Amino acid sequence: MTTPESPPAALPWWAQPRPDGDRAGLDSAEAARRLAVQGPNRIDAAPARSLPRELLRRLADPLLLVLLGAAALSAATGALADFLVILAIVAIGLALEFVQQHRASRAVERLRATLALRCRVLRDGQRVTLDVAALVPGDIVELAAGDRIPADGVLVEGNHVFVNQSLLTGESAPVAKEPGAPKGDAADLASATQALFMGTSMVGGAARMRVVATGKSTVFAGIAQGLTRQGPRKAFEQLTQRFGLLVLRLTLALVLFVVLVNAAWGRPLLPSLLFAVALAVGLTPELLPMVVSVTLARGAVRLARQRVLVKRLAAIHDFGAMDVLATDKTGTLTEARIRLERCLDADGHESGDVLRWAALNSRFETGLASPLDAAVLERAGASDEAWRKLDEVPFDFERRRVSVLLEHAGSGERWLVVKGAAVEVTALCSTVQRAGSERALEDDARAALAERRQALESDGCRTLAVAARRVDAGHAHARLEDETQMCFVGFAAFSDPPRADAAAALGALARSGVAVKIVTGDSEHVTQHLCRGIGVAVDGVLTGPEIAALDDGALAARVDAVNLFCRVDPTQKARIIGALRARGHVVGYLGDGINDAPPLHAADVGISVDSAVDVARESADLVLLERSLHVLHAGVLEGRRTVGNLAKYLMMGMSSNFGNMLSMAAAALVLPFLPLLPSQILLNNLLYDLSQTAIPLDRVDSEAQRRPRRIDMGFLVRFMAVFGLLSSLFDALTFAALLWLLHADEVLFRSGWFVESLLTQVLVIFVIRTRRRPWRSPPARALTLAALGVAALALLLPFSPLAPWFALEPLPARYLLLLGVLVPAYLVLAEFTKRWFFRRFGARAAGGPGHPGGTRPRAAAPA
């Protein structure tokens, strides 16, 4: 797509000479015209798949293709009825899956639409806020630290602009940008020092950008297909990979066994092939993607009611499994109502000079917006018009300070004013202001300043230091190397009261098995004072300098015993998250600042707030619409509910399917005919899956939501083996009754087992879905109706006009009476087996020591 501002050339747009253009932006009419031509500023704006294309995509499933191919071969050999029955079953299953997933996808997309990124744009000469999708070439966009760059463009104004463009170039260090001609190789993206690119983020400074390319014309769109979310594999992704491998191994083993047995018996190839493929389809929970999608989507809708918006559906599982929450303290444990309490000089006296210099720094700095600056300006009141700004070195998280170069209008004096973290700023000073004069900052005076700072922090005050230095009249630019030989002016001490509900919220999370660890850039003294105020016991403290001296293994050995991590930078935050995950925890991270992007990516579930900077919201998996741990706790419980219902389907489906397929494989060894026809296997599987589609609506017992829940593969395999064997035991009794009591032929045998198999695997949901006695935990009405409806259909089908289509025949009264004994006996024995199973394996699934509260997140069992 060629933009109005892009002349055709072999060089990329950033290497071409460009006219300066109008810096007032576009008018609304011209913007609307360009939007109609260019389309929305999205790289995923492709139209939704049509119904035929979506169905074709689903038909590409290998097992389904083999089944349809074998069915077509069956039709070619004259078995037209079998072909039509199999085709109808496949069509019904596909339609059911498509409709349910389509509804789930639409619900999730509606939620995600509320999180659309917005940006500040000049339109009609006015500053307005628009969705980034509305940007067009020629727009002037204003950017500040923390913003995600919404399109490709050229920098027209900028002040110490630093951009993280590792997404495009792989370069981890921030890149400096400035207006003017590019430096170095003009065609090299890394040398495009005047260009900004979609998908990268502002790390420091302030800028205005003229948009050159949008949507699919951007550099990001050109490589987007090759991009993946960076960071370690999440807990749910690890689970699905292991589950897929388990199903594949079981399916291959069983199919190979059946084919070899049938070959040994000398049975015809085509029926044997159809039977083996039908077995594979029966063992494979082919509706699992639909059930997972629907369960997670319904969970996302319920989480939205709890004021939690879901960006990544799989994160709901990780949310429910989360046993450690790492969070900053500001706004979560505190009210985020920051107030400047004291301005103290080097001797500890209130000082107007400290407030004056701090206010000048806060008023003229244009980088990362800070509530501390707002508190300074509120305390200072009216601005001092005698000063003008010449230059600035913006705040960054390594220096932890901001410097402004100012000139006094009357005297012409030029001063460099520095404000930032007290330890770092004090280290820059060689003199101290006392009694209106500068004195050398000796070691004893420096030690006294450190004691005063610690005293302020121990009282709960977040403390910044202010320093200044007069520079030559010809000093026109502020540089990093200017931040030396400063004069210490004083301390600015801020308060941020603890939230009234913080203690209760932390208690609720602790009772729910979630340990909260505070990860902050503030000092350990301020953080410990806060913990005392909200009743949090300090188990251990690690500071940034101490973490820097530890390798990853040593850090992992210490993280469990520590709940305060102070004076840490963004890279150290990510290392802390990685160390916790290495210890087996499922870790959530709550952050809203530009420095929180690395740990948000590193966590199993990244959590941010609606008011966060763009880069934090984009990095998060979940977004809270309220900055509250109570909202977070409600979301955790809802996540556990979703995990519980997902676990029910996996446990039910795998144990029932495994039991049926095991019975069929065993029957194939001893029977002179196929125990079920392929069409009967597929119908059985379809009706069973239909009975389970209401599981996402089911209730979850309150006690099942008290601890973190993760779906554990070892637990699932044990459950599948125990209950699959129990199911096969009753299948064997059914076989004996049909063969020896009723002397059943092929048709009656298949009819009788079809009904018994479906009844037992459908009705056992009322036993398995809860750890309680079934009558003490009533299921959701929809699940009850679905299960009983399918059970009734199973009993009626052999007596219906459809029976001949599936090679079924009416069952004799004696067999129905026998079912009246066998099915209740199976359900009773299943209940006793369930109690034994959870006594035997429940504690093992819950994990062992070495985790907060002494337990790992337990395997998700019936709710």
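To be clear, the structure that these remarks concern was listed above.
This write-up is about the structure you can find in this document. What you see is a predicted model, and the numbers here were worked out from it, not measured in a lab. (Residues numbered from 1 in each chain as written. Predicted model: local features only at pLDDT ≥ 70, side-chain atom pairs only at ≥ 80, totals over all residues. Heavy atoms only, no water.)

1. Concerning the overall build of the chain
For the record, the criterion: For helices the rule is a DSSP run of H or I covering at least 4 residues; for strands it is a run of E covering at least 2, with both sets numbered from the N terminus onward. The buried label goes to any residue with under 20% of its type's maximum accessible area, the exposed label to any with over 50%, and the partly exposed label to all in between, with areas taken from a 1.4 Å probe on protein chains only. For this analysis, residues touch if any pair of their heavy atoms sits within 4.5 Å. Here the open area of atoms and residues is found with the Shrake-Rupley method and a 1.4 Å probe, where only the protein chains shown may cover a residue.
Within the chain, the secondary structure is distributed over 28 helices and 25 strands. A buried classification covers 55% of the 863 residues belonging to the chain. A separation of at least 24 residues holds for 74% of the contacts in the chain among residues at least 6 apart in sequence. Working note: accessible area of the chain is about 35100 Å², and carbon and sulfur atoms make up 59% of it.

2. Remarks on the environment of alanine 134
Here alanine 134 lies in the loop between strand S2 (126–131) and strand S3 (140–144). When the C-alpha atoms of alanine 134 and proline 40 are compared, they prove to be 6.0 Å apart, with 94 residues separating the residues in sequence. Apart from the residues within four sequence positions on either side, alanine 134 is in contact with Leu35, Arg123 and Asp139.

3. Quick word on the packing of helix H22 (residues 629–670) against helix H23 (residues 678–692)
As a reminder, the rule being used: To get an axis, a line is fitted to the C-alpha atoms, and for a helix only the part in contact is used. The angle between two axes follows their N-to-C directions and goes from 0 to 180 degrees. An angle below 35 degrees is read as roughly parallel, one above 145 as roughly antiparallel, one from 65 to 115 as roughly perpendicular, and any other as oblique. Here a crossing is taken to be left-handed if its near helix is turned anticlockwise relative to the far helix by less than a right angle, and right-handed if that turn runs clockwise. Nonpolar residues are Ala, Val, Leu, Ile, Met, Phe, Trp, Tyr, Cys and Pro. Charged residues are Asp, Glu, Lys and Arg, and all others, Gly as well, are polar.
Contact geometry for H22 and H23: axes closest at 11 Å, N-to-C directions at 160°. Between H22 and H23, the crossing angle belongs to the class labelled roughly antiparallel. Considering how the two elements wind past one another, H22 and H23 form a crossing that is right-handed. In this structure, H22 uses Tyr649, Met652, Gly653, Ser656, Asn657, Asn660 and Met664 to contact H23, whose residues at the interface are Ile681, Asn684, Asn685, Tyr688, Asp689 and Gln692. The class makeup of the residues in the contact of H22 with H23 is 5 nonpolar, 7 polar and 1 charged.

4. Focus on the environment of histidine 475
Within the secondary structure, histidine 475 is located in the loop between strand S16 (462–471) and strand S17 (486–495). The spatial distance from the C-alpha of histidine 475 to the C-alpha of leucine 390 is 9.3 Å, given a sequence separation of 85 residues. The residues touching histidine 475, leaving out its near neighbours within four places in the chain, are Leu390, Leu405, Arg414 and Asp482.

5. Structural notes on helix H19 (residues 570–582)
An α-helical segment advances 3.6 residues per turn. Residues three or four places apart therefore align on the same side. Counted only if it meets this: By this rule, a helix spans an expected 1.5 Å times one less than how many residues it contains. Identification of polar contacts relies on pairs of N or O atoms within 3.5 Å, with a donor-acceptor requirement for protein atoms, meaning one able to donate a hydrogen and the other able to accept it, and with residues adjacent in sequence counted only if both atoms are side-chain atoms.
Taking 1.5 Å of rise per residue, 13 residues should cover 18 Å, and H19 covers 19 Å from first to last C-alpha, within 8% of that figure. By the burial criterion, the buried members of H19 are Pro570, Gln572, Lys573, Ile576, Ile577, Ala579, Leu580 and Arg581. One side-chain oxygen at the N-terminal end of H19 lies 3.1 Å from the backbone nitrogen of threonine 571; it belongs to aspartate 569. A positive backbone phi angle near 95° is found at glycine 584, which sits one or two residues after H19.

6. Overview of the pairing of S3
Using the following cut-off: At least two bridges found by DSSP between two strands are what make those strands a pair.
For S3, the tally of buried residues reaches 4 of 5 residues, placing the bulk of the element in the interior. Of the strand pairs in this sheet, strand S1 (residues 118–123) and S3 are connected by 3 bridges, and their pairing is antiparallel. If you follow arginine 120 over to S3, its bridge partner there is glutamate 142. One ladder, built from 5 bridges, connects S3 with strand S7 (residues 201–213); its direction is antiparallel. In the sheet register, alanine 144 faces S7, and the bridge partner there is alanine 206.

7. Notes on the packing of aromatic side chains
Aromatic rings considered in pairs are described by the distance between their centres and by the relative angle of their planes. Rules: For Phe, Tyr and Trp, rings pair up if their centres lie within 6.5 Å, where Trp contributes its six-membered ring, and each pair is then called stacked (planes under 30 degrees apart), edge-to-face (over 60) or tilted (otherwise). Only lysine NZ and arginine CZ atoms are considered, and such an atom sits over a ring when it is within 6 Å of the ring centre and within 35 degrees of the ring normal.
In total, this model carries 15 aromatic pairs according to the counting rule given. Ring geometry for phenylalanine 719 versus phenylalanine 837: centroids 5.4 Å apart, planes at 90°, classification edge-to-face. You can see phenylalanine 719 sitting in helix H24 (residues 713–741) and its partner phenylalanine 837 sitting in helix H28 (residues 813–846), a full 118 residues away along the chain. We classify phenylalanine 719 as buried; its relative accessible area is 1%. In textbook terms, an aromatic cluster arises when at least three aromatic residues are bridged by ring pairs, as seen for Phe715, Phe719, Phe723, Trp836, Phe837, Phe838 and Phe841. Positioned over the ring face of tryptophan 357 is arginine 356, at 4.8 Å from the centre of the ring. Over the face of the ring belonging to phenylalanine 832 we find arginine 835, whose NZ or CZ atom lies 5.0 Å from the ring centre.

8. Some thoughts on the state of the cysteines
Short version of the rule: The disulfide definition used here is simple: a pair of cysteine sulfur atoms within 2.5 Å.
Tallied over the entire structure, the rule returns 0 disulfides. With no disulfide of its own, cysteine 531 lies closest to cysteine 566 among cysteine sulfurs, the gap being 7.9 Å. Taking the relative accessible area as the measure of exposure, cysteine 566 reaches 0% and is therefore buried.

9. Re the pairing of strand S4 (residues 152–164)
As a general feature of sheets, a regular strand has side chains that alternate between the two faces. Examined bridge by bridge, S4 and S7 share 10 bridges and lie antiparallel to one another. Bridging from a neighbouring strand, glycine 153 pairs with valine 211 of S7. Alignment of S4 against strand S6 (residues 195–196), held across 2 bridges, turns out to be antiparallel. Within S6, the residue paired with glycine 153 across the bridge is leucine 196.

10. Examining the sheet that holds strand S20 (residues 564–566)
The strand order S8-S23-S22-S21-S9-S18-S20-S19 describes an open sheet built from 8 strands, whose pairing is mixed. Bordering the open sheet on either side are strand S8 (308–310) and strand S19 (541–543), each of which pairs with just one other strand. Averaged over all neighbouring strand pairs, the angle between strand axes comes to 20°, with direction disregarded. Looking at chain direction, S8 and strand S23 (residues 622–624) are connected through 3 bridges and run antiparallel. The residue of S23 that forms the bridge with leucine 309 is valine 623.

11. Thoughts on the nonpolar core
For the record, the criterion: As used here, the term nonpolar core means buried Ala, Val, Leu, Ile, Met, Phe, Trp, Tyr and Cys residues forming a set that is joined through side-chain atoms within 4.5 Å.
Residues Leu325, Phe565, Ile607 and Phe754 are the most contacted members of the largest nonpolar core, which totals 127 residues. Counting residues per element, this core draws most heavily on H22, which supplies 15 residues. With residues near it in sequence (within four places) discarded, isoleucine 607 still touches Phe319, Met322, Leu325, Tyr589, Leu590, Gly591, Leu600, Ala620, Leu622, Leu624 and Leu632.

12. Focus: the side chain of glutamate 365
Put simply, the rule reads: Note on charges: Lys and Arg go in the positive column, Asp and Glu in the negative column, and His and the chain ends are not counted at all. Note on definitions: salt bridges are taken to be side-chain nitrogens of Lys or Arg within 4 Å of carboxyl oxygens of Asp or Glu.
You can see glutamate 365 is positioned in the loop between helix H11 (352–364) and helix H12 (371–380). It is lysine 419 that comes nearest to the buried, bridge-free glutamate 365 among opposite-charge side chains, at 5.6 Å. For glutamate 365, the residues in contact, after removing those within four places along its chain, are Asp373, Glu392, Val402 and Val404.

13. Quick word on the packing of H23 against helix H27 (residues 781–796)
The contact between H23 and H27 brings their axes to 7 Å, and the two run at 160°. Classified by the interaxial angle, the pair formed by H23 and H27 is roughly antiparallel. Along the contact surface, H23 presents Leu687, Leu690 and Ser691, while H27 presents Leu783, Ala786, Ala787, Val790 and Leu793. Split by residue class, the contact of H23 with H27 holds 7 nonpolar, 1 polar and no charged.

14. Considerations on the side chain of glutamate 524
For glutamate 524, the position within the fold is in helix H16 (residues 524–534). Within the local environment of glutamate 524, its side chain forms a polar contact with the side chain of arginine 567, the two groups lying 3.1 Å apart. Look past the residues within four positions of glutamate 524 in its chain and what remains in contact with it is Val541, Thr543, Cys566 and Arg567.

15. Observations regarding H12
Formally: By construction, the arc corresponds to the directions joining the helix axis to the C-beta atoms.
All of the buried residues along H12 are Leu372, Asp373, Ala375 and Val376. Projected down its long axis, H12 shows its buried positions confined to an angular sector of 160°, all on one face. Against the buried residues of H12 lie strand S10 (339–344), H11, strand S13 (414–421), S16 and S17. Glycine 381 sits one or two positions beyond H12 and adopts a positive phi of about 80°.

16. Observations regarding unusual backbone geometry
Across residues other than glycine, the phi torsion is negative in most instances, and most of the peptide bonds are trans. Notably, aspartate 124 is not glycine yet its phi reads approximately 55°, a positive angle. Along the chain, the position of aspartate 124 falls in the loop between S1 and S2. Positive phi outside glycine occurs at alanine 807, with the angle close to 55°. Turning to its location among the elements, alanine 807 is positioned in the loop between H27 and H28.

17. Section: a nonpolar patch on the surface
This is how it is decided: Two joining distances apply to patches: 9 Å for like charges and 5 Å for nonpolar side chains (Val, Leu, Ile, Met, Phe, Trp, Tyr), and every residue must have over 30% relative accessible area and no salt bridge.
A grouping of Leu729, Leu733, Val828, Leu829 and Phe832 is seen on the molecular surface, where their side chains present a nonpolar patch of about 440 Å² in accessible area. For the nonpolar patch, the secondary-structure elements that each account for two or more residues are H24 and H28. Per-element tally for the nonpolar patch: the top contributor is H28, with 3 residues. With respect to the helices, strands and loops of the structure, valine 828 is situated in helix H28.

18. Some points on the environment of asparagine 685
Looking at where asparagine 685 falls in the secondary structure, it is placed in helix H23. The buried category is assigned to asparagine 685, whose relative accessible area is 3%.

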